[in-house]
Amino acid sequence: MAALVFSCVAIAEEGRLQKECASCHNLTGPVAQTLKDAWARKGPDMFYAGNKYRQEWLVSWLQKPQRIRPAGMYYGDHIKPGPSGDVIDAATLADHVALSKDEAVAIAAELMKNKPHDDLIAREKIEPGTITKQMGEMNFDKFWGCMACHLIEPEYGGFSGPELYTAAKRLQPEFIASFIRNPQAWEPKTWMPNKEVPEGVLQKFVHYFEVLSKESDHAQ
Amino acid sequence: MLNKLLFVVLLACNVQAYATTTEAPAHAREAAADNYKAYCMQCHGTQGNGKGVNIRDMSATPRDHTDAKSMSVRSDETLFKVIKEGGSSISKSILMPPWEGTFSDEEIRDLVQHLRVLCKCQFGS
């Protein structure tokens, strides 16, 4: 009986995802293989959500969504020319639908089942470790130029990629390493370049994002 | 009969040749413009003048691709190299990323030609 009730809830959540989320999120794959398809995306891909997100983060974000991509999915749709260059056109960015706690818990559990990329995740071994914020920043800004596209605090960095000051709370560490190692393996048409980051530096980025996330906790 | 067949085959070949010499470049030009819009515009700007949405905190300014003066001192080979391998390959800023993991050599050659359209210039002119 309990099993029956449980599976009915699961079916209900699946229906809800299809009805209310599939219009903007790709829940089933395949991934966008052409620029046209990549430009048409109205929200991030969710068909590999179980390989990417931390479940507890999904539950809390879905109840109180905060902006992650300062210039939206494709920055080109959300910028306008200004006197000293292109600027974000905030009026074109919409707020995300928020769910109740029960809905968020159920939908997060449903999303976490989407795991087509266990193979990519299994290749990553994250060693425990730490790094000073200064050294992390040096790597991120000066040596690897990641700050061009990513914010590492609300007031510093670039805008075309997702902010990374909450990355460690949002993302599984193996996903972070795997995506930086080869962004095209996840999203063939992504506007993030493969910078050929070596293993040791990948580890340092993961540790750096942990430091940043702890700091953004204190700030709140 | 054989003659007729040969004629049809030749005609088909002609159409084929026509398609590759005139339509393919147009298609390539369009694809290069799209690639520029998706990948380069975030830093080099909607106008290609180096004033993209990302530049606020960057320590080096992206090249103004509409500036014939600075673009004409670069050969097509150098432009190809800097797009494929990134700024550091020609002793320029690492903020200019390598795009080898994103594009084929063919697509990079088409991007070089797109830059020539933007600057309305050639190497040495």
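Residues numbered from 1 in each chain as written. Chains lettered and ligands numbered in written order. Predicted model: local features only at pLDDT ≥ 70, side-chain atom pairs only at ≥ 80, totals over all residues. Heavy atoms only, no water.

Visitor: What should I look at first to understand the state of the cysteines in this one?
Guide: Linking two cysteines covalently through their sulfur atoms gives a disulfide. Following the criterion strictly, the structure yields one disulfide over all chains and no others. Summary of cysteine pairing: Cys40(B) is not part of a disulfide, and the nearest cysteine sulfur, belonging to Cys43(B), is at 9.1 Å. Taking the relative accessible area as the measure of exposure, Cys40(B) reaches 14% and is therefore buried. No disulfide involves Cys43(B); its sulfur sits 5.0 Å from the nearest other cysteine sulfur, which is in Cys149(A). (Disulfide = S-S within 2.5 Å. Buried < 20%, exposed > 50% of the residue type's maximum accessible area, 1.4 Å probe, protein only.)

Visitor: Teacher, can you tell me more about the pattern of salt bridges here?
Guide: Once the charged atoms of two side chains with opposite charge are near each other, the side chains can pair. Inspection of every chain in the model, using the stated rule, returns 18 salt bridges over all chains. One salt bridge connects Lys133(A) with Glu137(A), and the closest N-O pair in it is separated by 4.0 Å. Here Lys133(A) and its partner Glu137(A) are both found in helix α7 (residues 133–143), four residues apart, which amounts to about one turn of the helix. Close ionic contact of Arg116(B) with Asp76(B) constitutes a salt bridge, the shortest N to O distance being 2.8 Å. Of the two residues, Arg116(B) sits in helix α4 (residues 105–119) while Asp76(B) sits in helix α3 (residues 76–85), which places them 40 residues apart along the sequence. The class for Arg116(B) is buried, based on a relative accessible area of 4%. (Salt bridge = Lys/Arg side-chain N within 4 Å of Asp/Glu carboxyl O. Helix = DSSP H or I, 4+ residues; strand = E, 2+ residues; numbered from the N terminus.)

Visitor: Please clarify how the domain arrangement of chain A should be interpreted in this entry.
Guide: For an interface, size is often stated in terms of accessible area lost upon the parts coming together. Residue and element names in this part refer to chain A. Domains assigned within chain A are domain 1 (2–111) and domain 2 (118–219). For domain 1 versus domain 2, the separation of C-alpha centres amounts to 20 Å. The interface of domain 1 with domain 2 comprises 26 residues on the first partner and 20 residues on the second. Across the interface of domain 1 and domain 2, roughly 2100 Å² is buried in total on both sides, 60% from carbon and sulfur atoms. Our enumeration of links across domain 1 and domain 2 arrives at one salt bridge. The partner of Glu187 in a salt bridge is Arg41, with the nearest N and O atoms 3.0 Å apart. Counting every contact that joins domain 1 to domain 2 gives 10 residue pairs in polar contact (both at pLDDT 80 or more). The set of elements that each furnish at least two residues to the side of domain 1 that touches domain 2 consists of α2 (35–40) and α3 (49–52). (Domains from an automatic or database assignment. Contact = heavy atoms within 4.5 Å. Buried area = accessible area lost by both parts, 1.4 Å probe. Polar contact = N/O pair within 3.5 Å; in protein donor to acceptor, adjacent residues only side chain to side chain.)

Visitor: Could you clarify how one ought to interpret a nonpolar patch on the surface in this entry?
Guide: Residues and elements named next belong to chain A. Where nonpolar side chains cluster on the molecular surface, the patch consists of Met135, Met138 and Phe143 and spans about 270 Å² of accessible area. If you trace the backbone, Met135 turns up in helix α7. By relative accessible area, Met135 is classed as partly exposed at 37%. (Patch = residues over 30% accessible without salt bridge, like charges linked within 9 Å, V, L, I, M, F, W, Y side chains within 5 Å. Areas by Shrake-Rupley, 256 points an atom, 1.4 Å probe, with all protein chains shown as cover.)

Visitor: Just to check I follow, could you spell out helix α4 (residues 55–63) of chain A for this structure?
Guide: Listed as buried for α4(A) are Trp57(A), Leu58(A), Val59(A), Trp61(A) and Leu62(A). Where α4(A) is buried, its residues touch α5 (101–111) and α8 (167–170) of chain A.

Visitor: So what exactly am I meant to see when it comes to the interface of chain B and chain A here?
Guide: Contacts between the two partners involve 25 residues from chain B and, on the opposite side, 34 residues from chain A. Summing the contributions of chain B and of chain A, the shared interface buries around 2400 Å²; its carbon and sulfur component is 55%. Inspection of the region where chain B meets chain A yields one salt bridge. In terms of residue class, the side of chain B that touches chain A is made up of 11 nonpolar, nine polar and five charged. (Nonpolar A, V, L, I, M, F, W, Y, C, P; charged D, E, K, R; others polar.)

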